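Spelled out, the chains give:
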Amino acid sequence: MSVDGGAVRLGDGVRADEPGWEVDPDDEWGVAVVATVGRQLKLRREAVGMRAAEFAAAVGYGEDLVYKVEGGKRIPRPEYLERADEVLGAGGLLAAMKEDVAKVRYPKKVRELAKLEASAVEIGLYSNHNIHGLLQTEEHMRALFDVWLPAYTEEETERMVAARLARRSVFERSPAPTLSFVQEEATLRRPVGGTMVWRRQLEHLLELGKLRNVSIQVMPTDCEDHFGTGGLIEVLKFADGSAVGRSDGAFSGRPVTDPKQLRILELRYGMIRAQALTPRESRAFIEQMLGES
C-alpha cells in the first residue's frame, strides 16, 4: 500500500479515498481555487458525456474522491490533473491548473510567511525551542512532526514537510537577502531523530553558514543576562523600507508593522545577537559538538 495523490492505491489499480487533503474552510483563497478547479473538471467531464464512475475508472481513482474534488472538498495532486487532462482531452487546460493548486497544498499561514520571506531583503530570526524551520534538514523536520501529539496522519506530515521545504528557496534567491539566525545551544544539543539525523543536521548548519549572506550564531546556555527569554523573534525588512516582526513574548504573538513596536523587537534581537557567540565562534562550537558525538 503506497500513498499517492491523497489516496491509497488498492490491488486492482483503483485508488480509494484517504483523509488528509481536505480544504481548510478558513482559507478563503484556497477554497475559491479548489472550487474553481473542481467546477472545471466537472464541466469537462460532463461535456464529453462521461459519468463520474466511468471517469474514476479511467483516471484510476475512487469515485468518492472524484466527487470530492469536483465539489471543491479535496485538493487534487498534480498527477490527478494531468491524468484528467489526458482522459478528457482538455489539451493542457486542466494540467495548467497545477501551479495554483500546488500553492493551495500549503496551509494559509505558511503561504503568507513564505510570501513575506520571498520578498524580504533582510531576515533576522531567533529560535529557542527548536532549530528554526528554514535551517532544518528534511529528516529533522520529519522527526519533529513524528512526535507531535495528537499524532499527524501521514498525509498531514507530507503536506507540512513539503511546505517547509518550499520555504528554503529563500537561500537560492537572487539578489540574495541577508539572513541572520540565533539558535539557543539547547536546540543544537537535542538529538532529534537519533544520532545520525542529529549529526547531519549539525553538518547542514555548517554548510549554510558558509553562504556569504547567512549568519548563524549560538546563544550559550550559561548566558546569565539573557534578553531572549520571551521566546521566538522574527524581523523581516523589505526594499521599500517597510518591515514586519513577531515575537512569542510581545504583542500577543501577533505580527506587527508599527515602527514603535518594531523598534522593540529590533532592540531585543540586537541585544540577543550581541550576547551570542560570533558566527566564527559559533561555527567552532558546532564543529566541537560534532567531534564529541
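Below is a short write-up of the structure.

1. Observations concerning the overall build of the protein
Scanning the protein from N- to C-terminus turns up 12 helices and 8 strands. The dimensions of the protein, computed from C-alpha atoms along their principal axes, are 70 × 45 × 35 Å. Counting the 293 residues in the protein, one finds 44% classified as buried. Of the contacts made within the protein by residues no fewer than 6 positions apart, 69% connect residues no fewer than 24 positions apart. Charged side chains in the protein number 40 positive and 46 negative. The centres of these two groups are separated by 3 Å.

2. Some words on the sheet that holds strand 6 (residues 214–219)
Spatially, 5 strands are ordered 6-5-4-7-8 in an open sheet, and the strand pairing comes out mixed. At either margin of the open sheet sits one strand with a lone partner, and together these are strand 6 and strand 8 (243–247). For this sheet the average axis-to-axis angle between neighbouring strands, irrespective of direction, equals 5 degrees. Two strands pair when backbone bridges link them, and strand 5 (residues 178–184) and strand 6 are joined in this way by 6 bridges, in the parallel orientation. Looking at strand 6, one finds that F181 is bridged to I216. This element, helix 11 (residues 259–275), spans strand 4 (120–127), strand 5, strand 6, strand 7 (233–238) and strand 8 of the sheet and lies at about 115 degrees to strand 7.

3. Comments concerning the environment of A95
Position of A95 among the secondary structure elements: in the loop between helix 4 (78–88) and helix 5 (98–104). For A95, a relative accessible area of 18% puts it in the buried group. A95 sits 13 residues away from E82 along the chain, and the two C-alpha atoms are 4.9 Å apart. In contact with A95, other than residues within four places in its own chain, are L81, E82 and D85.

Reading the values: the criteria
- Throughout, a residue's number is its position along its own chain's written sequence, starting from 1.
- Residue-level local features of this predicted model are given only where pLDDT is at least 70; pairs of side-chain atoms are given and counted only at 80 or more, and the full residue set underlies all totals for whole chains, interfaces and linings.
- The side-chain quantities take in all heavy atoms of the structure and omit both hydrogens and water.
- Working definition: helices are DSSP H or I runs of at least four residues, strands are E runs of at least two. Numbering for both runs from the N terminus.
- Three exposure classes are used, based on accessible area relative to the maximum for each residue type with a 1.4 Å probe and protein chains only: buried under 20%, partly exposed in between, and exposed over 50%.
- In this description, contact between two residues means that some pair of their heavy atoms is separated by no more than 4.5 Å.
- In this charge count, Lys and Arg are treated as positive and Asp and Glu as negative; neither His nor the chain ends contribute.
- Charge positions come from single atoms, namely NZ of Lys, CZ of Arg, CG of Asp or CD of Glu.
- In short, DSSP must find at least two bridges between two strands for them to pair.
- Axis definition: a line fit to C-alpha positions, over the contact stretch in the case of helices; interaxial angles, taken between N-to-C directions, run 0 to 180 degrees.

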